[in-house]
Amino acid sequence: MRAFVTGATGLLGSNLVQALLDQGHEVRGLVRSKDKAQRVFPNAKIDFITGDMSNVAGFAASLAGCDVLLHTAAYFREYYQPGDHKASLEKINVQGTVDLLIAAEKQGVQKAIHISAAGVIGKSPDGTPSDENTLPDDHATSNLYFASKIDTELAIKRFLKERTLPVVMILPSWMWGPSDSAPTAAGKLVLDFLNRKIPGVLDGGCSIVDARDVAQATIHAVDRGRSGERYIVGGKYSDLGQVLTTLERVTGVPAPTRNIPYGLSLAVGAASQTWARITGTPTLLTVAGLRIMHGKIAVDSSKAIRELGATFRPFEDTVRDEVAWFRAHGFINS
């Protein structure tokens, strides 16, 4: 199989590319920087295509000869920084995805797997883990990133009524794991923990999944996924206190014990965003991120387990591998 992978150097994209290579597939990876791509994959045999999801026409011809499109790229971490991101979310996540699917069909691609987000799923009214039939709630629609993913899924449904290219949607929860070179918010949390910069335990939690498990489910979806279907690949729910306790077990660094009330955390998040806007530096603590965690939404991956053969490794194994990766790549000294 020859796969075209967008977002090939991201947390999910890099693990997906590696899994594909390990399983004997050919990979053509869309990247914004070939230099970065070669640092992420120094010895791998990958056909890197330089391009950007804001201009699909600029790389569309490179889809020719590929059997499957695995679309992981999104305007994501940028949204969790200060500024007005609505136009970029619409252009890249929604319109960019539609443009990409149209281009893939024109170039003879046989199937597409789109990476959405479990954040489009609302909280179950009866308190049980939410599944693919649970409607979005305020936690989804008030978050502009998740709202863009909802709009993208609706656009894909319209695409499927008019076109013949099969499209499967994978909905991962909060992804952790090795190869987080950017790093994402999960990686920043790990690094801040190791540097003893976590002031306390926030009131929140969510389902957490290893990016490698999402990558394997995505590969399985090529053969097993049904067009038009959504599959939550969500792992296990953990509250933030459990996350910090796991980090303590793995690293030996003491976890903070002071509980931070939700109202206070929102105030700190707002102040952090303001400081980041003034200084032009990124911030880990954002109001949008805090609201997601406070929603405490657990999701049910039964459908992906049943139809895609999805499996989930223990969170402690994920943390151990992620910390080891950071150490091996010079992010931390010990």
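Each value, and the rule that gives it
Residues numbered from 1 in each chain as written. Predicted model: local features only at pLDDT ≥ 70, side-chain atom pairs only at ≥ 80, totals over all residues. Heavy atoms only, no water. Buried < 20%, exposed > 50% of the residue type's maximum accessible area, 1.4 Å probe, protein only. Helix = DSSP H or I, 4+ residues; strand = E, 2+ residues; numbered from the N terminus. Pairing = 2+ DSSP bridges. Expected span 1.5 Å × (residues − 1). Contact = heavy atoms within 4.5 Å. Polar contact = N/O pair within 3.5 Å; in protein donor to acceptor, adjacent residues only side chain to side chain. Axes fitted to C-alpha atoms, helices over the stretch in contact; angles between N-to-C directions. Phe/Tyr/Trp six-rings, centres within 6.5 Å; stacked < 30°, edge-to-face > 60°. Lys NZ or Arg CZ within 6 Å of the ring centre and 35° of its normal. Salt bridge = Lys/Arg side-chain N within 4 Å of Asp/Glu carboxyl O. Parallel < 35°, antiparallel > 145°, perpendicular 65-115°, else oblique. Nonpolar A, V, L, I, M, F, W, Y, C, P; charged D, E, K, R; others polar. Left-handed = near helix turned anticlockwise from the far one by under 90°.

## Some points on the pairing of strand β10 (residues 230-233)
Step number 1: The alternating pattern of β10 places Arg 230 and Ile 232 on one face and Tyr 231 and Val 233 on the opposite face, and all of these are buried.
Step number 2: As judged from the 4 bridges shared by strand β6 (residues 167-172) and β10, these two strands associate in the parallel manner. Residue Leu 171 lies in a different strand from β10, and its bridge partner there is Ile 232.

## Some thoughts on helix α5 (residues 144-162)
Step number 1: The first and last C-alpha atoms of α5 sit 27 Å apart over 19 residues, in line with the 27 Å expected at 1.5 Å per residue.
Step number 2: Tucked into the core, α5 has its buried residues touching α3 (86-106), β5 (111-115), α4 (138-141), β6, β10 and α10 (287-294).
Step number 3: Structurally, the start of α5 carries an N-cap: the backbone nitrogen of Tyr 145 is 3.0 Å from a side-chain oxygen of Asn 143.

## Looking at the sheet that holds β5
Strands belonging to one sheet form pairs held by backbone hydrogen bonds; the direction of such a pair is parallel or antiparallel.
Step number 1: Reading across the sheet, the 7 strands line up as β3-β2-β1-β4-β5-β6-β10 and stay open at both edges, with parallel pairing between neighbours. The open sheet terminates on both sides in strands that have one partner only, identified here as β3 (47-50) and β10. For this sheet the average axis-to-axis angle between neighbouring strands, irrespective of direction, equals 20°.
Step number 2: Sheet topology note: the strand β1 (residues 2-6)/strand β2 (residues 26-31) ladder contains 4 bridges and is parallel. Among the inter-strand pairings, Val 5 is bridged to a residue of β2, identified as Gly 29.
Step number 3: Strands in contact with helix α1 (residues 11-22) are β1, β2, β4 (68-71) and β5; relative to β1, the strand with the most contacts, it is inclined by about 170°.
Step number 4: Sitting on the sheet, α5 is in contact with β5, β6 and β10, with an inclination near 165° to β6.

## Focus: the packing of aromatic side chains
Step number 1: On inspection of all chains with the given rule, the structure shows 8 aromatic pairs.
Step number 2: Ring centres of Phe 41 and Phe 48 lie 6.4 Å apart, and the angle between their planes is 35°; on these two criteria the pair is classed as tilted. Like Phe 41, the residue Phe 48 is buried in the burial classification.
Step number 3: Where Trp 325 meets Phe 326, the ring centres are 5.7 Å apart and the plane angle is 70°; that geometry is what we call edge-to-face.
Step number 4: According to the relative accessible area criterion, Phe 326 is buried, its value standing at 0%.
Step number 5: An aromatic cluster is built from Trp 174, Trp 176 and Phe 315, whose rings are joined through pairwise contacts.
Step number 6: Across from the ring centre of Tyr 231, 4.9 Å away, lies the NZ or CZ of Lys 303, which sits over that ring.

## Structural notes on the pattern of salt bridges
Step number 1: With the rule as written, the count across this model stands at 15 salt bridges.
Step number 2: Across the pair Glu 105 and Arg 163 runs a salt bridge whose closest N-O atoms are separated by 3.3 Å. Placement of Glu 105 in helix α3 and of Arg 163 in the loop between α5 and β6 is noted, with a sequence separation of 58 residues between them.
Step number 3: Arg 226 serves as the salt-bridge partner of Glu 307, at 2.8 Å between the closest nitrogen and oxygen. With Glu 307 in helix α11 (residues 302-308) and Arg 226 in the loop between α7 (211-224) and β10, the pair connects residues that are 81 residues apart, well separated along the chain.

## A closer look at the packing of helix α6 (residues 185-194) against helix α12 (residues 315-328)
Step number 1: Where α6 contacts α12, the axes come no closer than 11 Å and their chain directions differ by 75°. What the angle tells us is that α6 and α12 run roughly perpendicular. The residues of α12 that touch α6, namely those facing Ala 186, Gly 187, Val 190, Leu 191 and Leu 194, are Glu 322, Val 323, Phe 326 and Arg 327.
Step number 2: When the residues that make up the contact of α6 with α12 are grouped by side-chain class, the tally is 6 nonpolar, 1 polar and 2 charged.

## Describing the packing of helix α8 (residues 240-251) against α12
Angle between the axes and distance between the axes: these two values describe a pair of packed helices.
Step number 1: Closest axis-to-axis distance for the α8/α12 pair is 10 Å, and the angle between their directions is 55°. If you check the angle between α8 and α12, you find them oblique. Every pair of crossing elements has a handedness; the one defined by α8 and α12 is right-handed. Mapping the contact onto sequence places Val 243, Thr 246, Leu 247, Arg 249, Val 250 and Thr 251 in α8 and Phe 315, Glu 316, Val 319, Arg 320 and Val 323 in α12.
Step number 2: Taken together, the residues of the contact of α8 with α12 sort by class into 6 nonpolar, 2 polar and 3 charged.

## Overview of the environment of Leu 264
Step number 1: Residue placement: Leu 264 occurs in helix α9 (residues 262-279).
Step number 2: For Leu 264, a relative accessible area of 45% gives the class partly exposed.
Step number 3: Separated by 62 residues in the primary sequence, Leu 264 and Leu 202 have C-alpha atoms spaced 9.6 Å apart.

Note that all results are geometric; they support no functional claim without further evidence.
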